[in-house]
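Listed below are the residues making up each chain.
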Amino acid sequence: MPGTSSGNETKRVMQSRHLMMLAIGGTIGTGIFLSAGSAVSLAGPGSALLSYIIVGLFVYTVVITLGEMSAMFPVSGAFSVFGSRFVSLALGFTLGWNYWFQCELTAAAIILQFWAPQVQPWQWALIIIVPIFLMQLIHVRVYGESEYWFALIKVVMIIIFIFTGLIYDWGGIKGHPGPGLSNFHNSQAFIGGFSNFSQTFVYAFYSFGGVELVAVAAGESARPYKTVPRAIKATFFRIVLFYVLTILTIGLCINWQDPTLLTAAYDSSVTASPLTVIFQRAGFGAAVHVVNAVLLTAVLSATNSAFYGSSRMLLSLARTAQAPRIFGSVNKRGVPVPALIVSLAVSSLAFLTSIWGTGVVFTWLLNLTGISALLVWGSIGVISIRFRAAYKAQGRSLSDLPYTQPLFPSLPVGVVVLALLMFAAEGYSAVEAQPFNARNVVATYIGVALYIVLYVGYAAYERFILGERQHFVPLLEVDLETDAVWKPGDGARIREQDELETKAVVGKEMISWWRSWLLKIAEHVY
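Residues numbered from 1 in each chain as written. Predicted model: local features only at pLDDT ≥ 70, side-chain atom pairs only at ≥ 80, totals over all residues. Heavy atoms only, no water.

Engineer: Can you walk me through the nonpolar core in this structure?
Structural biologist: A general trend in soluble globular proteins is that nonpolar side chains are found buried together. Among the nonpolar cores identified, the biggest contains 119 residues, and Tyr-52, Phe-58, Phe-79, Phe-86, Phe-208 and Trp-377 are the most heavily contacted of them. If you look at the next biggest cluster of nonpolar residues, it comprises eleven residues, including Phe-150, Val-299, Phe-307 and Leu-340. (Core = buried A, V, L, I, M, F, W, Y, C linked by side-chain atoms within 4.5 Å. Buried < 20%, exposed > 50% of the residue type's maximum accessible area, 1.4 Å probe, protein only.)

Engineer: I tried to follow the pattern of salt bridges on my own but got confused; where do I start?
Structural biologist: Pairs may arise between side chains of opposite charge once their charged atoms sit close together. With the rule as written, the count across this model stands at four salt bridges. The partner of Glu-68 in a salt bridge is Arg-388, with the nearest N and O atoms 2.7 Å apart. Of the two residues, Glu-68 is situated in helix α3 (residues 45-72) and Arg-388 in helix α15 (residues 358-393); the sequence distance between them amounts to 320 residues. For Glu-68, a relative accessible area of 0% corresponds to the buried category. (Salt bridge = Lys/Arg side-chain N within 4 Å of Asp/Glu carboxyl O. Helix = DSSP H or I, 4+ residues; strand = E, 2+ residues; numbered from the N terminus.)

Engineer: Explanation requested: the side chain of Thr-61 in the structure shown.
Structural biologist: Looking at the secondary structure, you find Thr-61 in helix α3. A residue is classified by how much of its surface remains accessible, and Thr-61, at 17% relative accessible area, is buried. Those residues in contact with Thr-61 that lie beyond four places of it in its chain are Leu-411 and Val-415. (Contact = heavy atoms within 4.5 Å.)

Engineer: What am I meant to see in helix α9 (residues 193-208) here?
Structural biologist: Relative to the 22 Å expected for 16 residues at 1.5 Å per residue, α9 spans 23 Å between its end C-alpha atoms, a close match to the ideal helical length. When you tally the buried positions in α9, you get 14 out of 16 residues, the bulk of the element. A positive phi of about 110° marks Gly-210, the residue just after α9. (Expected span 1.5 Å × (residues − 1).)

Engineer: So what exactly am I meant to see when it comes to the side chain of Thr-200 here?
Structural biologist: Along the chain, Thr-200 turns up in helix α9. In contact with Thr-200, not counting residues within four places along its chain, are Ala-39, Leu-42, Ala-43, Ser-47 and Ser-51.

Engineer: Mind showing me how you'd approach the packing of helix α11 (residues 224-253) against helix α12 (residues 274-281) here?
Structural biologist: How two helices sit against one another is set out by the angle between their axes and by the gap between those axes. One can describe the packing of α11 onto α12 by two numbers: an axis separation of 11 Å at closest approach and a directional angle of 50°. In terms of their interaxial angle, α11 and α12 are classed as oblique. Where α11 crosses over α12, the handedness of that crossing is left-handed. Between α11 and α12, the residues in contact are Thr-249, Ile-250 and Cys-253 and Pro-274, Leu-275, Ile-278 and Arg-281, respectively. Across the contact of α11 with α12, the residue classes tally to five nonpolar, one polar and one charged. (Axes fitted to C-alpha atoms, helices over the stretch in contact; angles between N-to-C directions. Parallel < 35°, antiparallel > 145°, perpendicular 65-115°, else oblique. Left-handed = near helix turned anticlockwise from the far one by under 90°. Nonpolar A, V, L, I, M, F, W, Y, C, P; charged D, E, K, R; others polar.)

Below you can see the structure in the form of structure tokens.
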């Protein structure tokens with residue numbers, strides 16, 4: 001392709017503020033606006049809240065373990081590269097392609113059906129993805145800057161929604177009495193027992209999907225050994241503020257039996273977002289279209305992030321010989337054009353499936369992406385354990401790591417155990433659901449089938465085609481040098497140098513501040 005070359009590299013131009021906002025609000029996508037309502041409708045507000053808290057803590061633990069590796073080895077392939085390097089090539093291949101397949105683009109059409117129902121979902125799809133595709137062709141800085149403002153709009157909207165919803169619920173809006181705590185009384189908080197509670201996990205997985213994007217973006221960020229740890233810490237506030245408080249507000253304001261809640265799991269049509277409904281009931285009917293316009297921003301942001309994440313993962317796979325070589329090409333501006341074009345094509349096909357009913361397609365994508373996300377997160381725990389084992393086996397010092405996860409090995413072990421428990425709970429709920437429906441079981445395990453096919457397929461290719469007899473990478477042969485931000489023993493020196501530079505900058509700012517005030521005083525005196 002003209003202007004592209006496998007010798008060019010992506011550009012490290014994303015600043016700390018870009019990565020920070022990406023961590024706080026960059027991947028707040030269609031999941032929290034759509035599937036949160038289904039979780040309340042399915043199992044009640046108490047079960048939905050508990051589910052989001054459990055998955056939130058689980059995801060934060062995943063981000064911490066992944067961040068330790070990403071701060072030291074900031075590569076666009078992130079966990080896919082780490083899987084190949086620290087465990088086995090088959091695991092890296094599986095995680096890379098599994099992540100590439102995850103896409104929430106179809107949900108974009110679902111939100112926009114409420115805003116402009118006379119327009120077909122696939123038409124909205126083209127309106128959304130083409131401008132985003134053209135933006136990403138320009139430069140990674142355009143992605144970082146656009147995502148910064150998209151995320152900021154979403155953050156402001158979510159904060160306004162939480163305040164408005166809670167004030168409405170407490171009866172603080174005249175003429176619009178709120179439900180108070182009535183939705184949690186009379187055994188309404190937990191509906192359907194453990195089976196229904198287990199089914200809410202998949203909605204939480206779908207909502208939290210994308211938290212690992214910070215690790216992918218680390219490959220194009222300036223000073224990742226500083227920006228990645230900051231972004232990791234910001235993730236905790238994102239989980240508490242945007243997910244836990246949002247699901248609590250929805251549960252307080254809308255009864256679980258309310259027909260306006262999304263029930264995509266049992267219906268082929270999808271209604272308006274719970275956020276829009278609450279604004280309407282609080283007396284802000286005129287603001288409905290403004291709210292949906294902000295939801296459009298969330299859709300654009302989700303599409304923007306999906307294109308960025310999938311194209312960078314495909315680029316990484318191509319450069320590790322796990323995808324066709326053409327997708328490893330990057331132009332002079334650092335944009336992987338062939339990988340972006342493939343992402344555009346696949347996204348267009350995903351939207352065209354909405355012709356057969358957005359609700360049905362949404363349900364299958366929900367299960368596919370939700371379970372796939374769980375498998376990726378659980379695998380990150382395994383990778384973290386192997387990384388530390390190799391680090392110890394090669395006599396490396398933890399002081400050389402830019403960010404060290406606390407309580408090791410408790411966190412990665414906890415990630416693996418929790419992933420297995422939640423996966424078992426998902427299977428149990430699918431089998432125990434009444435009336436029994438084989439399609440629910442298939443929908444639950446379709447993500448697992450994809451994971452197994454990818455792993456076993458590559459392992460067989462490696463064994464019988466390439467003739468490799470050693471499946472796992474020996475600890476003493478794990479590569480801890482390539483892509484490292486600094487060499488062994490340099491960590492303390494670079495930290496000290498950064499600290500001196502920071503003090504010097506602060507000192508200059510203070511001097512310039514005092515100088516400007518003295519000049520102003522001098523103007524009045526003389």
